[in-house]
Amino acid sequence: MHRFAEHLYSIVITLWVGALWAIGYLAAPTLFHVLDDRALAGKVAGQLFTYVAWLGMAAAAYLLVFVALRKDSGAFKSSVFWLVFLMLALTVAGYFGIQPILTQLKADSFPREVMESALRDRFAAWHGVSSIVYLIQSLLGLMLVALQGRGLR
């Protein structure tokens, strides 16, 4: 059972960080490049980002418990623990903080598309904040992949 938990640890990191990069830097840009309807592209990308957020929250829960049990009282000294914690905090901030603001701005602009409304600048600013949070999370994910062996020791 001990080996299974270690293998699952590596698999969970791979799934989470892989999903961050695949959706954020491959799938979402492709949607906007291929689809003529930017609103549809945004809707599909938004749903994909929702899946990544929930995957991230579940992954972080497992990883934090794994590292805490593996390292006992030394978990708070572990770089892996803090990377996962920061990634979780950014996921929660993005999903429960920034995304509701973007959703409300879209709703407030109805029946127009948000980018064709008076709320365009506010939406663009919050979308920029969201993008920066996602980039930081993605870079922390690369660090997590590079340092994942420290969570096993």
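Quantities reported herein were computed from a predicted structural model and do not represent experimental measurements.

1. Quick look at the overall build of the chain
Secondary structure summary: the chain contains four helices and zero strands in total. Put simply, the chain runs from its N terminus to its C terminus through helices and strands in the order α-α-α-α. Seen through its C-alpha atoms, the chain measures out along the principal axes to roughly 55 × 30 × 20 Å. For the chain, with 153 residues in total, the buried portion stands at 35%. Taking contacts inside the chain between residues at least 6 apart in sequence as the whole, the part at least 24 apart equals 74%.

2. Focus: a nonpolar patch on the surface
A grouping of Tyr25, Leu135, Leu139 and Leu142 is seen on the molecular surface, where their side chains present a nonpolar patch of about 330 Å² in accessible area. Locating Tyr25 in the fold gives a position in helix H1 (residues 2–34). Judged by its relative accessible area of 31%, Tyr25 falls in the partly exposed class.

3. Remarks on the confidence of the model for the chain
Scored by pLDDT, the chain comes out at a mean of 92, with 97% of its residues at no less than 70. By mean pLDDT, helix H3 (residues 79–109) is the weakest element of the chain at 94, and H1 is the strongest at 96.

4. Description of unusual backbone geometry
Notably, Asp72 is not glycine yet its phi reads approximately 50 degrees, a positive angle. Relative to the elements of secondary structure, Asp72 occurs in the loop between helix H2 (38–71) and H3.

5. Section: the layout of surface pockets
Its boundaries defined by the atoms lining it, the largest pocket holds a volume of some 1400 Å³. Among the secondary structure elements, those contributing two or more residues to the lining of the largest pocket are H1, H2, H3 and helix H4 (120–147). Residue composition of the lining of the largest pocket, by class: 24 nonpolar, 13 polar and six charged.

6. Observations regarding the side chain of Ser109
Mapping Ser109 onto the fold places it in helix H3. At a separation of 2.8 Å, a polar atom in the side chain of Ser109 contacts the main-chain carbonyl oxygen of Lys106. Filtering out sequence-adjacent residues up to four positions away, Ser109 remains in contact with Val114, Ser117 and Leu119.

7. A short note on H3
Two residues of an α-helix separated by three or four positions point the same way, owing to the 3.6 residues in each turn. In this model, H3 (31 residues) spans 43 Å end to end at C-alpha, consistent with the 45 Å of a helix rising 1.5 Å per residue. Helix geometry: H3 is bent most strongly at Gln99, by close to 35 degrees, with proline Pro100 lying one to four residues after it. The opening residue of H3, the one whose side-chain oxygen lies 3.3 Å from the backbone nitrogen of Val80, is Ser78.

8. Remarks on the pattern of salt bridges
For the structure shown, the criterion picks out two salt bridges. A salt bridge links Arg3 to Glu6; the nearest nitrogen and oxygen atoms lie 2.9 Å apart. Separated by three residues within a single helix, Arg3 and Glu6 lie in helix H1, roughly one turn from each other. Glu6 gets classed as buried once you look at its relative accessible area, which sits at 14%. With its nearest N and O atoms 2.6 Å apart, the salt bridge here joins Arg70 to Glu6. Here Arg70, found in helix H2, pairs with Glu6, found in helix H1; they are 64 residues apart in sequence, far enough to count as distant. Since its relative accessible area comes to 21%, Arg70 is described here as partly exposed. Each of Arg3, Glu6 and Arg70 takes part in salt bridges that share partners, so that together they form one network.

Criteria and cut-off values
Residues numbered from 1 in each chain as written. Predicted model: local features only at pLDDT ≥ 70, side-chain atom pairs only at ≥ 80, totals over all residues. Heavy atoms only, no water. Helix = DSSP H or I, 4+ residues; strand = E, 2+ residues; numbered from the N terminus. Buried < 20%, exposed > 50% of the residue type's maximum accessible area, 1.4 Å probe, protein only. Contact = heavy atoms within 4.5 Å. Patch = residues over 30% accessible without salt bridge, like charges linked within 9 Å, V, L, I, M, F, W, Y side chains within 5 Å. Areas by Shrake-Rupley, 256 points an atom, 1.4 Å probe, with all protein chains shown as cover. Salt bridge = Lys/Arg side-chain N within 4 Å of Asp/Glu carboxyl O. pLDDT = per-residue confidence, 0-100. 1 Å grid on protein atoms, 1.4 Å probe; cavity = no way out; pocket = protein on both sides within 12 Å on 5 of 7 lines; lining within 4 Å. Points joined across faces, edges and corners; volume = space filled by probe spheres on them. Nonpolar A, V, L, I, M, F, W, Y, C, P; charged D, E, K, R; others polar. Polar contact = N/O pair within 3.5 Å; in protein donor to acceptor, adjacent residues only side chain to side chain. Expected span 1.5 Å × (residues − 1). Bend = angle between axes of the 7 residues up to and from the residue.

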